[in-house]
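Each chain is listed here by its residues.
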Amino acid sequence: MNTVDKDKFNLETRGRVSVWLTKHKFSHRPLGYDYRGVEILQVKSEEWLSIAVAPYAYGFNYLRSQCAYDATPGGSLVSVYHLTQMQDHSDQPEEICAKVFVSRKNPQIPSVYWVWKSADFQERESYDMLGIIHQGHPYLKRILMPESWIGWPLRKDYVVPNFYELQDAY
């Protein structure tokens, strides 16, 4: 189980959302802050849906963006969710970033389409480019590449089919 070890992470240095999630016994791992001071959380795929609903209930009612990347060749794929707490007359809304690491052999993450409708095209793009399957998405089909395309073009180990220029260079 991926729970936060209170001896390992200082409650004063962790972000407000991480402290709140720990208090309510949600499994996650704090990853610190990005360059803008946005709190970053790591979440296991099997915990993602319950963790996603928790910040929504906490007030993070806007999915600013969802993207994905290949962490290392042969390593994990990462789905990244930027959540924002939108309120009336807010000039600097609070934000958090959640990262879900999955194995490239079985890249399945629960879809948050039913929590934030704005995840629709973004999750489809992550599927199309990296092969991350967002379970429960109502229309998970390729969005940029033709349906006949083989493979996932943004994976670091991807080899373009029938591309002979580099292969025949030597």
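Our structure is the block above this text.
What comes next concerns the included structure. Everything quoted here is computed from the prediction, not taken from an experiment.

For the chain, the count of helices and strands is 3 helices and 7 strands. Counting from the amino terminus, helix and strand elements in the chain follow one another as α-β-β-α-β-β-β-β-α-β. Among the 170 residues that make up the chain, the fraction classed as buried is 42%. Within the chain, residue pairs in contact and separated by at least 24 positions form 52% of the contacts whose partners lie at least 6 positions apart. Summed over its atoms, the accessible surface of the chain is roughly 10100 Å², and 53% of this surface lies on carbon and sulfur atoms.

This next bit is on the nonpolar core. By size, the foremost hydrophobic cluster in this structure holds 25 residues, and its most contacted members are Trp48, Tyr81, Leu83, Val100, Ile109, Val112 and Trp116. Counting only elements with at least two residues in this core, the list comes to α1 (16-23), β2 (39-44), α2 (48-58), β3 (62-70), β4 (77-84), β5 (95-102) and α3 (119-130). Setting aside anything within four residues of it in sequence, one finds Val100 in contact with Val43, Lys44, Ser45, Trp48, Leu77, Val78, Ser79, Tyr81 and Ile109. Within the second largest apolar cluster, 5 residues are counted, among which are Val38, Ile40, Val78 and Cys97.

Once that is clear, we can look at α2. Those residues of α2 not exposed but buried are Trp48, Ile51, Ala52, Ala54 and Pro55. Take α2 and look down its axis: the buried residues cluster within an arc of 155°, on one side only. Check the buried side of α2 and you find it contacts α1, β2, β4, β5 and β6 (108-110). Gly59 sits one or two positions beyond α2 and adopts a positive phi of about 120°.

This next bit is on the environment of Trp48. Within the secondary structure, Trp48 sits in helix α2. The class for Trp48 is buried, based on a relative accessible area of 1%. Each C-alpha atom, one on Trp48 and one on Ala98, is 9.1 Å from the other, the two residues being 50 residues apart in sequence. Apart from the residues lying within four places of it in its own chain, the contact partners of Trp48 are Val43, Tyr81, Ala98, Val100, Ile109, Pro110 and Val112.

Rules behind the numbers
Residues numbered from 1 in each chain as written. Predicted model: local features only at pLDDT ≥ 70, side-chain atom pairs only at ≥ 80, totals over all residues. Heavy atoms only, no water. Helix = DSSP H or I, 4+ residues; strand = E, 2+ residues; numbered from the N terminus. Buried < 20%, exposed > 50% of the residue type's maximum accessible area, 1.4 Å probe, protein only. Contact = heavy atoms within 4.5 Å. Areas by Shrake-Rupley, 256 points an atom, 1.4 Å probe, with all protein chains shown as cover. Core = buried A, V, L, I, M, F, W, Y, C linked by side-chain atoms within 4.5 Å. Arc of directions from axis to C-beta.

That's the geometry; what it means functionally is another story.
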